[in-house]
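Residue strings, one per chain:
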Amino acid sequence: MTAASGTATPVPVVHPTSVHAKALALNLEPGDYGSVAEIGAGQGVAQWLLTVGGASGTVARTISAYDKVVSDQTYGGGQPGTRYVSRERLGAMLDVEYGILMDHLAPKREKPTRFFAFANTVSARNFKGDNEQHGWVGIRFQAAPGQQASEVILHVNLMDPSNTQQQEAMGVLGVNLIYAAMRQLQSAEAFLDGLFDGLEGGRLELDYLSASGPAFEKTNVRRCALLALQAGRATVFVFDQKGELAEPSAVLRKRAVVVERGLFEKAEPFHKAMLDSGTKVLLAEGTAFEKPPVAVLELSMRYLNGSEVKELPFEALLERIDRLRNTAPVMVTNFPETHRLTTYLRRHTQEPVRIVGGVVTLARLLDESFYADLPGSMLEGLGKMLSTNVKVYAYPMPAEVCGGALAGAKSVKLRAGASGQVNLNDLEFAAPLNHFVNYLTGVGRFVIISA
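What you see is a predicted model; the values in this text were computed from it and never measured.

(A) Molecular detail of the sheet that holds strand 5 (residues 150-158). Taken in spatial order, the 6 strands make up an open sheet running 2-1-3-4-5-6, and their pairing is mixed. Of all the strands in the sheet, just strand 2 (59-64) and strand 6 (204-212) have a single pairing partner and so form its edges. Each strand of the sheet is rotated relative to its neighbour by a mean of 10°, with strand direction disregarded. Of the strand pairs in this sheet, strand 5 and strand 6 are connected by 8 bridges, and their pairing is antiparallel. Counterpart to Leu154 in the pairing with strand 6 is Leu209. Contacting strand 1 (32-40), strand 2 and strand 3 (114-123), helix 2 (residues 44-51) crosses the sheet at an angle of about 140° to strand 1.

In structure tokens:
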């Protein structure tokens, strides 16, 4: 097709979307050649490539290191504390598999070849359904023949209800990843779209990704994470105190958590003071912890403005992450409601969870308009939020700030004469909400803390 000026109009590339078509397209490309290594429940990728036809053009080697001893002998490890479904094990697999390709095949291939090594290590649902269901997936590849290797690493949670469905989903994801790395690097949007073809309905939940090497020199990985969050392919990403993506489990697993929610338009000193005070009160409760408690800030991409859900732009999110990271690790979520945050944290830890916030934050938790989407309204939302061993710590605020924030509120106001730093006792709740607040305070679910 030609444009009116006589210059050729580029014809857009139409990529297949089915896993069968992608696997076949990979096999029919003579210039791409590599290995597939899979541990545990991730056994579906090699199966796709080997059954669609033409695998000899793509597959140099497949290995299923299902036994732990075999895995250790092949990829190293086996020391006390080794986690077989871990980034460390995935990295060892990629090192070995890519090294074999470079050492034994690269010097002997006569035609130009882009080598790749794909690996995954996966724990799918066990018989009781009480295990952590997740997987690490990665590819090390050449974007052009002879080029230095690039690499993509992903961590996903398996959301399907059965072991079989989870294994199927991992097979689709693996083929999608190989295809996207070799064919769909035009943009972050194209890569992510290709990655989740055939995995609609929240079958997999992404919570970590990294991309490095010459194929990604101009890629903003943090922005890619926010794209995935916006598209519903992820619910949480954690940024460490360097501002880099971290695996949520590495920060939260089996640890007591003190968390402050907010939009954090400004990085005020009281944010750190609030977290420090909350941590101090938690430690004073006298619980013995195997690991020290962790303090985190939670910044939601989607937030409630009355009953309306609004969305923060990427630029604002990235700027706030950089401002806040010196205070504590930052969880960026798509949770407008607080009860979804505590449900998520319970996936990583059964230790105490303490939500710390100014008294205005607590008052907003008692606003019926925030629970319009729940059949049980506020009672259902608070019941989910205040699950086992979850408390809300109320931190004092200046009276003038508190009074301004509560202006127009129907069910709560600042008591007459309140001044200076005010706390929960300085708020006056309308009946019958006042009885509910007294109950939650009396049973220790709402706790007044000091600055």
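(B) Here's a closer look at the pattern of salt bridges. As enumerated under the stated definition, the model contains 23 salt bridges in all. Asp193 serves as the salt-bridge partner of Arg233, at 3.1 Å between the closest nitrogen and oxygen. In this pair, Arg233 sits in the loop between helix 7 (221-230) and strand 7 (236-239) while Asp193 sits in helix 6 (residues 188-195), placing the two residues 40 residues apart along the sequence. Residue Glu315 is joined to Arg223 by a salt bridge in which the shortest nitrogen-to-oxygen separation is 3.5 Å. Residue Glu315 is located in helix 10 (residues 314-324), and its partner Arg223 is located in helix 7; the two are separated by 92 residues in the primary sequence. Arg223 gets classed as partly exposed once you look at its relative accessible area, which sits at 32%. Residues joined in a network through salt bridges with shared partners are Arg83, Glu132 and Arg253.

(C) Layout of the side chain of Glu38. Note that Glu38 resides in strand 1. An unpaired buried charge is present at Glu38: no salt bridge exists, and Arg61, the closest side chain of opposite charge, is 11 Å distant. Ignoring any residue separated from it by four or fewer positions in sequence, one finds Glu38 in contact with Gln43, Gly44, Val45, Ala46, Ile63, Ser64, Ala65, Met93 and Asn120.

(D) Seen up close, the confidence of the model for the protein chain. Scored by pLDDT, the protein chain comes out at a mean of 92, with 96% of its residues at no less than 70. Within the model, pLDDT remains below 50 along residues 1-6, and this stretch shows 6 contacts once partners closer than five positions in the same chain are excluded.

(E) Main features of the nonpolar core. Residues Leu177, Ile178, Leu204 and Phe237 are the most contacted members of the largest nonpolar core, which totals 90 residues. The element best represented in this core is helix 5 (residues 163-183), accounting for 11 residues. Ignoring any residue separated from it by four or fewer positions in sequence, one finds Ile178 in contact with Leu26, Val45, Leu49, Phe116, Phe118 and Ile139. The next biggest cluster of nonpolar side chains, apart from the first, holds 45 residues, and it includes Tyr344, Val353, Val360 and Leu433.

Reading the values: the criteria
Residues numbered from 1 in each chain as written. Predicted model: local features only at pLDDT ≥ 70, side-chain atom pairs only at ≥ 80, totals over all residues. Heavy atoms only, no water. Pairing = 2+ DSSP bridges. Helix = DSSP H or I, 4+ residues; strand = E, 2+ residues; numbered from the N terminus. Axes fitted to C-alpha atoms, helices over the stretch in contact; angles between N-to-C directions. Contact = heavy atoms within 4.5 Å. Salt bridge = Lys/Arg side-chain N within 4 Å of Asp/Glu carboxyl O. Buried < 20%, exposed > 50% of the residue type's maximum accessible area, 1.4 Å probe, protein only. Lys, Arg positive; Asp, Glu negative; His and termini not counted. pLDDT = per-residue confidence, 0-100. Core = buried A, V, L, I, M, F, W, Y, C linked by side-chain atoms within 4.5 Å.

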